[in-house]
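# Overview (structure and organization)
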Amino acid sequence: MKELKKRIRNIPDFPIKGIQFKDITTLLSDPSSYQRAIDLMAHRHFNKGVESVVGIEARGFVMGAAMAYKLGVGVILVRKAGKLPYRTVSAEYALEYGKDRLEIHEDAIRPGMKVVVADDVLATGGTVAAVADLLKRLGADIVECCFLAELTDLRGRDKLKGQKVFSLLKFKE
Ligand code: AMP
């Protein structure tokens, strides 16, 4: 796990002063690190009845699509406002820096569908809390919210009470 952690590059003061940005591109571009990270995130869900992985735009797609392929299930996209072509439901959320709106197709989820949510970094938890809200509105059964990395000092888990949360790599900030 130490090796994987070392593959993530910290960029201070990006995109604004005070943010310690976790650049995962250095892990993604290393074949064995990317494969190992996806294996560890996906294996825990083998044979548990997961029906789909929900990926959050954009870096969540890189985790979620590979996990879904590994699990032999489909992938559902949660995207920034205005990107999905069919009818959507949406939720607004606050970021560590700024505000945004996420959308999902209104027919993407069958009631009771067992899904795993995937993203790269759990920071303040606002993003994934909004996604969990969207998924619950559509009747999904969220098995777990699964992250490559978690910034533990930002206490994102506090916004995800009642959800199972897993992160492969932990950083203080
Ligand atoms: P949050 O809603 O604060 O949990 O932010 C989560 C989303 O913003 C994730 O999809 C990350 O890609 C991105 N993000 C927020 N803070 C950081 C950070 N310090 N380093 C890298 N990505 C971040």
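Residue indices follow the written sequence of each chain, beginning from 1 at its first position. Totals for whole chains, interfaces and linings use all residues, but because this is a predicted model, local features are given only for residues with pLDDT of at least 70 and pairs of side-chain atoms are given and counted only at 80 or more. Hydrogens and water are ignored here; the side-chain numbers use all heavy atoms of the structure.

### Some words on the overall build of the chain
- Numbering of helices and strands runs from the N terminus; a helix is a DSSP stretch of H or I covering at least four residues, while a strand is a stretch of E covering at least two. Per the secondary structure count, the chain includes 5 helices and 9 strands.
- Starting at the N terminus and walking to the C terminus, you meet the elements of the chain as α-β-β-α-α-β-α-β-β-β-β-α-β-β.
- The C-alpha radius of gyration of the chain comes to 15 Å, within 12% of the 16 Å expected for a compact globule of 173 residues.
- If one aligns the C-alpha atoms of the chain with their principal axes, the spans along those axes are about 40 × 35 × 30 Å.
- Only protein chains enter the calculation, and the probe is 1.4 Å; a residue is then buried if its accessible area is under 20% of its type maximum, exposed if over 50%, and partly exposed in between. When burial is assessed residue by residue, the chain has 46% of its 173 residues classed as buried.
- In this description, accessible areas are obtained by the Shrake-Rupley approach with a 1.4 Å probe, and a residue is regarded as covered only by the protein chains that are shown. A total of about 8,700 Å² of accessible surface is found on the chain, and carbon and sulfur atoms cover 51% of it.
- In this count, Lys and Arg are taken as positive residues and Asp and Glu as negative ones, while His and the chain termini are left out. For the purpose of locating charges, the reference atoms are NZ of Lys, CZ of Arg, CG of Asp and CD of Glu. Here the chain contributes 29 positive and 22 negative side-chain charges, whose respective centroids are spaced 4 Å apart. Only the C-alpha atoms count toward the radius of gyration. The rule for a globule is 2.2 Å times the residue count to the power 0.38.

### Quick word on the packing of aromatic side chains
- What counts as a ring pair is set by centres within 6.5 Å for rings of Phe, Tyr and Trp (its six-membered ring), and what kind of pair is set by the plane angle: stacked under 30 degrees, edge-to-face over 60, tilted for all other angles. Counted by the stated rule, this structure contains 1 aromatic pair.
- Here the aromatic rings of Phe14 and Phe21 are separated by 5.2 Å at their centres, their planes lie at 80°, and the arrangement is edge-to-face.
- Whether a charge lies above a ring is judged from NZ of Lys or CZ of Arg, which has to be within 6 Å of the ring centre and within 35 degrees of the ring normal. Over the ring of Phe171 we find Lys5, and its NZ or CZ is 4.9 Å from the ring centre.
- Seen from the ring of Phe171, Lys22 lies directly overhead, with NZ or CZ sitting 5.4 Å from the centre.

### Some points on the environment of Ala130
- Counting through the fold element by element, Ala130 comes out in helix H5 (residues 126-137).
- Any two residues whose heavy atoms approach within 4.5 Å are treated as being in contact. In this structure, Ala130 is in contact with Ala91, Glu92 and Tyr93, ignoring residues within four places of it in sequence.

### Observations regarding the pattern of salt bridges
- For this document, the term salt bridge refers to a Lys or Arg side-chain nitrogen within 4 Å of an Asp or Glu carboxyl oxygen. Tallying each qualifying case throughout the model produces 16 salt bridges.
- Sharing partners across several salt bridges, the network here consists of Glu92, Lys99 and Arg101.

### Considering the nonpolar core
- Ranked by internal contacts, the top residues of the largest apolar core, which has 27 residues, are Ile8, Met41, Met67, Leu148, Leu168 and Leu169.
- Elements with a contribution of two residues or more to this core: helix H3 (31-43), helix H4 (59-71), strand E7 (114-122), strand E8 (141-151) and strand E9 (165-171).
- A per-element tally of this core places H4 first, with 5 residues.
- Leaving out residues up to four positions away in the same chain, Leu169 has contacts with Met1, Leu4, Lys5, Ile8, Leu27, Leu148, Ala149 and Glu150.
- In plain words, nonpolar cores are sets of buried Ala, Val, Leu, Ile, Met, Phe, Trp, Tyr and Cys residues tied together by side-chain atoms within 4.5 Å. Val54, Val115, Val128 and Ala130 belong to the second-largest nonpolar core, a separate cluster that totals 26 residues.

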